[in-house]
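Reading the structure
One letter stands for each residue in the lines below.
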Amino acid sequence: LIDKYNPATASVPEPQGRPELDRWILSELNTLIQQVTERLDNYDPTTAGRAIADFVDNLSNWYVRRSRRRFWKSENDSDKLAAYATLYGCLVSVSKLLAPFIPFMAEEMYQNLVRSVYPEAPESVHLADYPVANTRMIDQNLSLKMAVVRDSVSLARSARESAQIKVRQPIQAVRVWVDNVAIKGFLEQSRDLVREEVNTENLTAWDLGNETERNALAEYVSFNNKLNLKICGLRLREKAPIFQKALEKMDSFKTAFDVINGNEIVINGERFSPSEILTEVIGKKGYAAKASGKHIVVIDETI
């Protein structure tokens, strides 16, 4: 109402010409449409419904949050109109995707979003065509890039929590180790976004595939490796403490990366699968760290 945005008359840039954040959520939307259609065709409504829920979470907690300044600014420029058009398109598609799941809520959304603007549109969401994915809008590299960014932010914030440092307190530095040089490049391209999200002036990306950069991690963290007794306890029985002590004497750094890379670990001649070893990353004094597979984030606790 404030901006008098009307999707029927607004002059909006084509999707390919919109900012990266818009192109990302549109890529996610069309991927979602593909997934939901495929899963419903295979009589799997549970997984389809969860996929929609995940998308709505991404739309609300990342796209809308990251676009707040675009919505709030006073001028109705092309950037603001692109944000409105992107959000509007996502909501209309979601209302149609939800029609088989929550028919009355989907109908309410459709009447508010579509019929109020386009009186010539089908009378009900249940009379409208189900969405069809535009595969040209799907950008897998962009999806991977944003996933790396979001995971880095999530791990950094988790490390802050473990160190009891609130997000509003700026920290000295954040260091991120990722799987390979390509993913490192994605992170470097989005350096400013990550710095803003985790509230730091200094962000550096490191490649775990590069031996020198991987070894640099040892300056900031150590690893604690334990037997996963839920999986191997029954097999080992009373020998479990013996193998645990032997595991503790092994090179914890090498063992951790064997687990991360999916390699077997040999302890006292016995072979263990990666799932039988639990690996925890621990920040050294002055640092806090969190990891998720081949993704490790270390924050400098200095305020």
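Everything that follows concerns the structure shown earlier in this document.
First, a word on scope: everything that follows refers to the structure included in this document. Being a predicted model, the structure only gives us computed values, none of them experimental.

1. Some words on the overall build of the protein chain
When its secondary structure is counted, the protein chain shows twelve helices and eight strands. In terms of its C-alpha atoms, the protein chain occupies a principal-axis envelope of roughly 75 × 45 × 30 Å. Expressed as a percentage of the 303 residues in the protein chain, the buried residues total 41%. Across the protein chain, the fraction of contacts at a sequence separation of at least 24, relative to all contacts at a separation of at least 6, is 69%.

2. As for the pairing of strand E2 (residues 203-207)
Every second residue of E2 is oriented toward a common face, the buried set being Leu203, Ala205 and Asp207 and the non-buried set Thr204 and Trp206. Where strand E1 (residues 174-178) meets E2, five bridges bridge the pair, whose relative direction is parallel. Paired with Val174 across the strands is Leu203, a residue of E2.

3. Quick word on the pattern of salt bridges
Enumeration according to the criterion identifies 19 salt bridges in this entry. Between Arg70 and Asp79 there is a salt bridge, with the nearest N and O atoms lying 3.1 Å from each other. Residue class for Arg70 comes out buried when judged on its relative accessible area of 10%. Given the relative accessible area of 22%, Asp79 is considered partly exposed. Here Lys254 and Asp258 are joined by a salt bridge, their closest N and O atoms 3.0 Å apart. Placement of the pair is Lys254 and Asp258 together in helix H12 (residues 252-260), with a separation of four residues, close to one helical turn. Take Lys254: its relative accessible area is 53%, and that puts it in the exposed class. Residues joined in a network through salt bridges with shared partners are Arg65, Arg66, Arg69, Arg157, Glu196 and Glu197.

4. Looking at unusual backbone geometry
Backbone geometry at Asn199 places phi at a positive 60 degrees, although glycine is not the residue there. By secondary structure assignment, the location of Asn199 is in the loop between helix H8 (191-198) and E2. A positive phi angle, close to 50 degrees, is found at Asn268, a residue other than glycine. Along the chain, the position of Asn268 falls in the loop between strand E4 (265-267) and strand E5 (270-272). Asn268 gets classed as exposed once you look at its relative accessible area, which sits at 56%.

5. Examining the sheet that holds E2
Within the open sheet, the four strands sit side by side as E2-E1-E8-E7. Their pairing is mixed. On the outer flanks of this sheet lie E2 and strand E7 (287-291), each paired with one strand and no other. Neighbour-to-neighbour, the strand axes of this sheet turn through a mean angle of 15 degrees, independent of strand direction. Here helix H6 (residues 140-162) sits on the sheet and contacts E1, E7 and strand E8 (296-300); the angle it forms with E7, its principal contact strand, is near 135 degrees. Contacts from helix H7 (residues 181-189) reach E1 and E2, with the element oriented near 170 degrees to E2.

6. A closer look at the side chain of Gln244
Counting through the fold element by element, Gln244 comes out in helix H11 (residues 240-249). By relative accessible area, Gln244 is classed as buried at 17%. When neighbours within four sequence positions are excluded, Gln244 is seen to be in contact with Asn225, Lys226 and Leu227.

7. Some thoughts on the layout of surface pockets
Rolling a probe over the atoms, with the probe sized like a water molecule, indicates the empty space that remains. In this model, the largest pocket occupies a volume close to 440 Å³. In terms of lining, the largest pocket is formed by 18 residues, of which the most central are Arg65, Arg66, Arg69, Glu196 and Glu197. A breakdown of the residues in the lining of the largest pocket according to their chemical character gives five nonpolar, three polar and ten charged. Lining of the second largest pocket is provided by 13 residues; of these, Ala85, Tyr88, Gly89, Val92 and Ser93 occupy positions nearest its centre. Along the lines of polarity and charge, the residues of the lining of the second largest pocket split into eight nonpolar, two polar and three charged.

Quick notes on the rules
Residues numbered from 1 in each chain as written. Predicted model: local features only at pLDDT ≥ 70, side-chain atom pairs only at ≥ 80, totals over all residues. Heavy atoms only, no water. Helix = DSSP H or I, 4+ residues; strand = E, 2+ residues; numbered from the N terminus. Buried < 20%, exposed > 50% of the residue type's maximum accessible area, 1.4 Å probe, protein only. Contact = heavy atoms within 4.5 Å. Pairing = 2+ DSSP bridges. Salt bridge = Lys/Arg side-chain N within 4 Å of Asp/Glu carboxyl O. Axes fitted to C-alpha atoms, helices over the stretch in contact; angles between N-to-C directions. 1 Å grid on protein atoms, 1.4 Å probe; cavity = no way out; pocket = protein on both sides within 12 Å on 5 of 7 lines; lining within 4 Å. Points joined across faces, edges and corners; volume = space filled by probe spheres on them. Nonpolar A, V, L, I, M, F, W, Y, C, P; charged D, E, K, R; others polar.

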